[in-house]
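# Understanding the architecture of this molecule
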Amino acid sequence: MRLRQVALVARDLDPVVEALCRVLGIEVAYRDPGVGVFGLRNAVLPVGETFLEVVSPERPDTSAGRFLERRGGDGGYMVIVQTDPLDAARRRVSELGVRIVWETTLEDAATIHLHPRDLGGAILSLDAMDPPDSWRWAGPAWKGHVRTDVTLAIAGVEIEARDPAAMAARWSGVLARPASASGAGEHEITLDSGSIRFAPEREGRGEGVSSLLVRARDPEELLERAREAGSPVSAAGIKIGGVHIRAI
């Protein structure tokens, strides 16, 4: 079970994508026409063998648009965890009474999106791939777009919550991984690759994905790239697309 992709939602797609590329040293692998069914357009960018996605509403009354209004602007939107087999995850979700808001099964991929009101913080997607090292959502040629001169992987995601312990417990039940207290009111779920941390609300925007932890070749170089690109840098990290990016 691994943290494989994090999606951000932005009012204006292109500037956020451009900033991610300039600062993280990555590039767009795919723009998925399939997200049009949700009233969105997107870009998927590999970070090693993990992925950042940016989505933006193209029409009124989308869930992404409502998210932008609720949180007052761009921010983290979805956390995608790769797990196999998906059948076991489906059973857990059903037993816990968590609603599935969307699902699909294809020849090389299966996914279930879970209702954010049942878990809190973000849409959690559970995905299985065949073969396991593939990633359909990044397009057929994503491996040719991997750039690791600057960044290597998404190592973690932080979600702000009114009650971090309660939210961590809900996610823990679905993921079948323990949540442990990690200090300062925070709780964390460690996966086989990557982690999900639940922290008290700090920004006054309500519950949601607030930070990404990114493995970088040189964290100081990453900060300098951000300054050169004009992205805000603070003790919380590099601010792009409504989230703080912290390098390790």
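In short, a report on the structure. (Residues numbered from 1 in each chain as written. Predicted model: local features only at pLDDT ≥ 70, side-chain atom pairs only at ≥ 80, totals over all residues. Heavy atoms only, no water.)

## Focus: the pairing of strand E10 (residues 186–190)
Applicable threshold: The rule is simple: take the accessible area with a 1.4 Å probe, protein chains only, and divide by the maximum for that residue type; under 20% is buried, over 50% is exposed, in between is partly exposed. In DSSP terms, a helix is any run of H or I states spanning at least four residues, a strand is any run of E spanning at least two, and both are numbered starting from the N terminus. Any two strands with at least two DSSP bridges between them are considered paired.
Taking burial as the measure, the five residues of E10 include four buried ones, the bulk of the element. Sheet topology note: the strand E9 (residues 179–183)/E10 ladder contains four bridges and is antiparallel. Looking across to E10, one finds that Ser180 is bridged to Glu188. Across four bridges, the pairing between E10 and strand E11 (residues 195–200) is antiparallel. Residue Glu188 lies in a different strand from E11, and its bridge partner there is Arg197. Remark: four residues form the turn of the hairpin made by E10 and E11, two consecutive strands paired antiparallel; Gly194 in that turn has positive phi of roughly 90°.

## Some details on the environment of Gly208
Convention followed: Throughout, a residue-residue contact means that at least one pair of heavy atoms, one from each residue, lies within 4.5 Å.
By the element assignment, Gly208 lies in strand E12 (residues 208–216). Taking the relative accessible area as the measure of exposure, Gly208 reaches 0% and is therefore buried. Sequence spacing of Gly208 and Phe38 is 170 residues, and the spatial spacing of their C-alpha atoms is 20 Å. Ignoring any residue separated from it by four or fewer positions in sequence, one finds Gly208 in contact with Arg71, Gly121, Glu158, Ile159 and Glu160.

## Here we look at the packing of helix H1 (residues 13–24) against helix H6 (residues 219–229)
To describe two helices that pack against each other, one gives the angle between their axes and the distance between the axes. Worth spelling out the cut-off: Interaxial angles span 0 to 180 degrees and are taken between N-to-C directions of axes, which are lines fitted to C-alpha atoms, for helices over the stretch in contact. Note that the term roughly parallel is reserved for angles under 35 degrees, roughly antiparallel for angles over 145, roughly perpendicular for angles of 65 to 115, and oblique for everything else. For any helix crossing, the convention is left-handed if the near helix is rotated counterclockwise from the far helix by under a right angle, and right-handed if that rotation is clockwise. Gly counts as polar in this scheme, as do all residues outside two lists: the nonpolar Ala, Val, Leu, Ile, Met, Phe, Trp, Tyr, Cys and Pro, and the charged Asp, Glu, Lys and Arg.
Packing of H1 against H6 leaves a shortest axis separation of 8 Å and a crossing angle of 140°. For the element pair H1 / H6, the angle class is oblique. Handedness of the H1/H6 crossing: right-handed. Where H1 approaches H6, its residues Cys21, Arg22, Val23 and Leu24 are matched on the opposing element by Leu222, Arg225, Ala226, Glu228 and Ala229. The class makeup of the residues in the contact of H1 with H6 is six nonpolar, no polar and three charged.

## As for the pattern of salt bridges
Heads up, the condition is: Salt bridges are identified by distance alone: a Lys or Arg side-chain nitrogen within 4 Å of an Asp or Glu carboxyl oxygen.
Overall, the coordinates contain 17 salt bridges when judged by the stated rule. When the shortest N-O distance is used, the salt bridge between Arg11 and Glu69 registers 3.3 Å. Taken together, the positions of Arg11 in the loop between strand E1 (2–9) and H1 and Glu69 in helix H2 (residues 63–71) put the pair 58 residues apart, joining distant regions of the chain. The shortest N-O distance in the salt bridge between Asp14 and Arg41 comes to 3.7 Å. You can see Asp14 sitting in helix H1 and its partner Arg41 sitting in strand E2 (residues 40–47), a full 27 residues away along the chain. By relative accessible area, which is 30% here, Arg41 ends up partly exposed. Salt bridges here are not isolated pairs; linked through shared partners, they connect Glu158, Glu186, Glu188, Arg197, Arg202 and Arg246.

## Re the packing of aromatic side chains
Each aromatic ring pair is described using two quantities: the centre-to-centre distance and the angle formed by the ring planes. Test applied: Between 30 and 60 degrees the pair is tilted, below 30 it is stacked and above 60 it is edge-to-face, where a pair is any two Phe, Tyr or Trp rings, Trp via its six-membered ring, whose centres lie within 6.5 Å.
Counted under the stated rule, the structure contains five aromatic pairs. Taking the centre distance of 4.9 Å and the plane angle of 80° together, the rings of Phe51 and Trp142 count as edge-to-face. Taken as a pair, Phe51 in strand E3 (residues 50–57) and Trp142 in the loop between strand E7 (123–129) and strand E8 (151–161) lie far apart in primary sequence, 91 residues in all. Each member of the pair Phe51 and Trp142 is classed as buried. On the basis of an interplanar angle of 65° and a centroid distance of 5.6 Å, the ring pair of Trp171 and Phe198 is categorised as edge-to-face. Of this pair, Trp171 sits in helix H5 (residues 164–175) while Phe198 is found in strand E11, placing the two residues 27 residues apart along the sequence.

## Side note on the side chain of Glu158
Counted only if it meets this: Here a polar contact means two N or O atoms within 3.5 Å. Within protein one must be a hydrogen donor candidate and the other an acceptor candidate, and residues neighboring in sequence count only if both atoms are side-chain atoms.
Relative to the helices and strands, Glu158 is located in strand E8. In this structure the side chain of Glu158 is engaged in a polar contact, spanning 2.9 Å, whose partner is the side chain of Arg202. Discounting chain neighbours no more than four positions away, the residues touching Glu158 are Glu186, Arg197, Ala199, Arg202, Gly208, Val209, Ser210, Ser211 and Arg246.

## Comments concerning unusual backbone geometry
A cis amide bond links Asp84 with the next residue in sequence, Pro85, at an omega value of 5°. With respect to the element layout, Pro85 can be found in the loop between strand E4 (75–82) and helix H3 (86–96). Along the chain, Asp130 connects to Pro131 via a cis peptide bond; the corresponding omega equals 5°. Positionally, Pro131 belongs in the loop between E7 and E8. Residue Asp61 is not a glycine yet carries a positive backbone phi of 60°. Mapped onto the elements, Asp61 comes out in the loop between E3 and H2. The phi dihedral of Ala176 falls on the positive side, at around 55°, and the residue is not glycine.

It is worth stressing that arrangement in space is one thing and function is another; only the former is reported here.
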